[in-house]
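A look at the structure
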Number of protein chains: 4
Amino acid sequence: MTPMLTPLDRSQLRAAGVTEPWSYGIADMVRFYELDALNHVNNVAYLRWFETVRVRYMIDYGVSDFSHGADTPQLVVRAATAEYLKPMFQNERYVVTARTAQMRSASFTMEYAVFAGDLRATGTAVVVMMTPDGGAKMPLPQQVRDTFVRRDHARQIT
Amino acid sequence: MTPMLTPLDRSQLRAAGVTEPWSYGIADMVRFYELDALNHVNNVAYLRWFETVRVRYMIDYGVSDFSHGADTPQLVVRAATAEYLKPMFQNERYVVTARTAQMRSASFTMEYAVFAGDLRATGTAVVVMMTPDGGAKMPLPQQVRDTFVRRDHARQIT
Amino acid sequence: MTPMLTPLDRSQLRAAGVTEPWSYGIADMVRFYELDALNHVNNVAYLRWFETVRVRYMIDYGVSDFSHGADTPQLVVRAATAEYLKPMFQNERYVVTARTAQMRSASFTMEYAVFAGDLRATGTAVVVMMTPDGGAKMPLPQQVRDTFVRRDHARQIT
Amino acid sequence: MTPMLTPLDRSQLRAAGVTEPWSYGIADMVRFYELDALNHVNNVAYLRWFETVRVRYMIDYGVSDFSHGADTPQLVVRAATAEYLKPMFQNERYVVTARTAQMRSASFTMEYAVFAGDLRATGTAVVVMMTPDGGAKMPLPQQVRDTFVRRDHARQIT
């Protein structure tokens, strides 16, 4: 079966026109329900794409398995931004990328981008790690920090 | 780049556990935004999948290119149904299939199914072909009829 | 504050042009995100409206409080249908109605309609009541049956 | 019929706990489809609320009637942000507010907020005015500027 939402490796990303510093991304295609009455992709749909790649990234980077189990830290989006550079249309194929740029004690800032040949949109999200019951902030485990540094060259912000 | 929403051929469908009479389908994967508060795929999301495969099918079968151009017939959904057989969950891979089962003078009935190993859901839609300005029903072109018969064994209903 | 999604009583429904047998409905208004590239309300959006009125109905009729608590039966949609009679557009005000037409031992069939001056769409859903853990079907409590009969004239199907 | 999405006047806003500088807002209620698998309002849903109040605001302030007509300037969102302060849950009633804070020659920056008793979220959007064919930026008409200043105390940014 055709692999879907499978993370692309660095060489696949470069072949798709995705430049440095991106090393994690998934390919997808514009769907009819993402268009609005102006017949282009609605600006909110990009936030959905950022969410889709974020969830996948969290699993692949070992941050959370989204099992909602008693040992699973909760990840809460505290802030989000998006910049729209060029419109997108029905059936366009694109790659949406994700990386962690900065870490603080219990939160981290992710960056996103959408490429379809050229760069179409960028975004950010501030994600806070909470205890499994959601009651308090939780320091990022060292293993997660190491992964963010190794794979994304994330910087520690004091 | 990884092919996305690419129609699967008959042998790929069979390899994915999709049985007769299906000969058209696309592979996809459950996304976080398709879950609801019960933590399974919301029943409305399946209708989105049927829409996604329907739009793709219309293009591939030469029924409409969705260009909204002056020569493009409009396709209007007049009725829709869905039956939910088993729940679906985050990250599940599935194939959603489509075929035209029946044709009338200016409309046709499509059938859909969702397979993820086994059958999870089925659906139907009655689609009416309208003139490009949307003002009147339009008979199905003979070429479209022939394609529905040849590829889907669609039956003519008088 | 302006009451929102507040159920309309029978006289308010009649004033809004909603005919018999409807006695439960909520008023709302088409939003931009419910339009698709054809600039009318997408056919899937109506299913969202049916869901919104259904959730509210379940609470008001005492069927479920959607608390996901250990004593709360789960309500699962087993089938859904919609018929589209006339298109709807940005900013149109409408009333979406709900009633239970038929009851079986552990399930019931609801009907829905959308009125905006005249009738725009209808729908149905088959809802199955499950035990709180979702493991088995659960007979409809007598109190729920009585409410369906008293308020909606629901018929028992053997 | 119950007024829906009707803009609240200043005294209604104050009665709903909406503080200065907000003078435009609409009341609404959390719907089931806005919840995600964590059982609270998904962070993307707030962007939908900002869109809904923005479209209504544009019509009421005389910026655009969204008719897509040959004389109607196009409004394009160039950037969007959201900050999430407290979670929101099923059936919560809220007011989402909008104002224009800054104007440039062919664009303006809007601010949004969500109140449900207390402040739950804030957001911004940079909106660019384009010619009806979407081909070029278009200076904000003087009448629009005057309205932004008079109603929202918008500041001109050179």
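Residues numbered from 1 in each chain as written. Chains lettered and ligands numbered in written order. Predicted model: local features only at pLDDT ≥ 70, side-chain atom pairs only at ≥ 80, totals over all residues.

Let's talk about the overall build of chain A
The secondary structure content of chain A amounts to three helices and six strands. Secondary structure elements of chain A occur, N-terminal to C-terminal, as α-β-α-β-β-β-β-α-β. Taking the principal axes of the C-alpha coordinates as reference, chain A spans close to 45 × 35 × 35 Å. Sorting the 158 residues of chain A into buried and exposed places 45% on the buried side. A sequence separation of at least 24 residues applies to 63% of the contacts in chain A between residues at least 6 apart. (Helix = DSSP H or I, 4+ residues; strand = E, 2+ residues; numbered from the N terminus. Buried ≥ 20, exposed ≤ 12 C-beta atoms within 10 Å, placed from the backbone. Contact = placed C-beta atoms within 7 Å.)

A closer look at the relation of the copies chain A and chain C
In screw terms, the move from chain A to chain C is a rotation of 180° and a rise of 0.0 Å along the axis, fitting with an RMSD of 0.0 Å. Both chain copies can therefore be described as sitting about a two-fold axis. Most of the interface of chain A is mirrored in chain C: 100% of its interface residues are interface residues there too. (Least-squares fit on C-alpha atoms with pLDDT ≥ 70 in both.)

Quick word on the packing of helix α2 (residues 43-60) of chain B against helix α2 (residues 43-60) of chain C
As a packed pair, α2 of chain B and α2 of chain C sit with axes 10 Å apart at the nearest point and diverge in direction by 175°. When the axes of α2 of chain B and α2 of chain C are compared, the pair comes out roughly antiparallel. Each of V44, L47, R48 and E51 of chain B in α2 of chain B lies in contact with α2 of chain C, whose residues at this interface are V44, L47, R48 and E51 of chain C. When its residues are assigned to classes, the contact of α2 of chain B with α2 of chain C shows four nonpolar, no polar and four charged. (Axes fitted to C-alpha atoms, helices over the stretch in contact; angles between N-to-C directions. Parallel < 35°, antiparallel > 145°, perpendicular 65-115°, else oblique. Nonpolar A, V, L, I, M, F, W, Y, C, P; charged D, E, K, R; others polar.)

Some remarks on the pairing of strand β2 (residues 74-84) of chain D
Sheet analysis places strand β2 (residues 74-84) of chain A next to β2 of chain D, joined by five bridges and oriented antiparallel. In the strand pairing of β2 of chain D, A80 of chain A is matched with A82 of chain D. With ten bridges connecting them, β2 of chain D and strand β5 (residues 118-130) of chain D associate as antiparallel partners. In the strand pairing of β5 of chain D, Y84 of chain D is matched with A121 of chain D. (Pairing = 2+ DSSP bridges.)

Overview of the interface of chain A and chain C
The figure often quoted for interface size is the accessible area lost as the parts come together. Between chain A and chain C, the residue contacts involve five residues of the former and five residues of the latter. For the side of chain A that touches chain C, a count of residues per class yields three nonpolar, one polar and one charged.

With respect to the relation of the copies chain D and chain C
When chain D is brought onto chain C, the operation consists of a screw motion whose angular component is 180° and whose axial shift is 0.0 Å, with 0.0 Å RMSD remaining. The residues that chain D uses at the interface reappear at the interface of chain C in 100% of cases, marking a shared surface.

A closer look at the confidence of the model for chain A
Any residue range with low pLDDT should be treated as having predicted coordinates unsuitable for detailed reading. Of all residues in chain A, 97% attain a pLDDT of 70 or more, and the chain-wide mean is 93. Per-element averaging of pLDDT across chain A places helix α1 (residues 10-15) of chain A at the bottom with 93 and strand β4 (residues 107-116) of chain A at the top with 98. (pLDDT = per-residue confidence, 0-100.)

Quick notes on helix α3 (residues 142-152) of chain D
Within an α-helix, residues lying three or four positions from one another point in the same direction, as the helix has 3.6 residues per turn. Residue and element names in this part refer to chain D. All of the buried residues in α3 are V144, F148 and D152. One face of α3 carries all of its buried residues, which in axial projection span an arc of 40°. Summarising the geometry of α3, the exposed residues directed more than 90 degrees from the buried face are Q142, Q143, D146 and R150. Tucked inside the fold, the buried residues of α3 contact β3 (93-103) and β4 (107-116). Of the residues flanking the end of α3, it is H153, one or two places downstream, whose phi is positive at about 55°. (Arc of directions from axis to C-beta.)

Details of the interface of chain D and chain C
Chain D puts 25 residues into the contact, and the matching count from chain C is 25 residues. Elements that contribute at least two residues to the side of chain D that touches chain C include exactly α1 (10-15), β1 (25-29) and α2 (43-60) of chain D. For the side of chain D that touches chain C, the element with the highest residue contribution is α2 of chain D, accounting for four residues. Partitioning the side of chain D that touches chain C into residue classes produces 13 nonpolar, seven polar and five charged.

Looking at the nonpolar core
Ranked by internal contacts, the top residues of the largest apolar core, which has 196 residues, are V95 of chain B, V95 of chain C together with V95 of chain D. Setting aside residues no more than four positions away along its own chain, V95 of chain D makes contact with L8, L13, A16, V18, G25, I26, A27 and F115 of chain D. (Core = buried A, V, L, I, M, F, W, Y, C linked by C-beta atoms within 7 Å.)

Observations concerning the pairing of strand β3 (residues 93-103) of chain C
All names here are of chain C. One ladder, built from five bridges, connects strand β1 (residues 25-29) with β3; its direction is antiparallel. Along β3, the bridge assignment pairs G25 with T97. Bridge count between β3 and strand β4 (residues 107-116): eight bridges; the pairing is antiparallel. Within the sheet, the bridge partner assigned to M103 lies in β4 and is F108. Linking two consecutive strands that pair antiparallel, namely β3 and β4, is a turn of three residues.

Points about unusual backbone geometry
Excluding glycine, residues mostly have negative phi values, and the peptide bonds linking residues are mostly trans. With an omega of 5°, the peptide bond between E20 of chain A and P21 of chain A qualifies as cis. Although it is not a glycine, N91 of chain B adopts a positive phi angle of roughly 70°. For N91 of chain B, a count of 15 C-beta atoms within 10 Å translates into the label partly exposed.

Some points on the environment of G123 of chain A
The topology assignment puts G123 of chain A in strand β5 (residues 118-130). A C-alpha to C-alpha distance of 7.3 Å links G123 of chain A and A80 of chain A, two positions 43 residues apart in sequence.

Topic: helix α2 (residues 43-60) of chain A
Over its 18 residues, α2 of chain A extends 27 Å from the first C-alpha to the last, a length consistent with the 26 Å expected when each residue adds 1.5 Å. Where α2 of chain A ends, the next residue or the one after it, G62 of chain A, has phi of about 75°, a positive value. (Expected span 1.5 Å × (residues − 1).)

Examining the environment of V127 of chain B
Residue and element names in this part refer to chain B. Structurally, V127 is set in strand β6 (residues 118-130). As for V127 and Q74, which are separated by 53 residues in sequence, their C-alpha atoms are 9.8 Å apart. Each residue touching V127, except ones within four places of it in the same chain, is listed here: L75, V76, V77, S107, F108 and M110.

Overview of the environment of P132 of chain D
Residues and elements named next belong to chain D. Residue position: P132 is located in the loop between β5 and α3. Residue class for P132 comes out partly exposed when judged on the 13 C-beta atoms lying within 10 Å of it. Distance in space between the C-alpha atoms of P132 and A70 is 5.9 Å, their sequence separation being 62 residues. Setting aside its immediate chain neighbours within four residues, P132 contacts A70, D71, T72, P73 and Q74.

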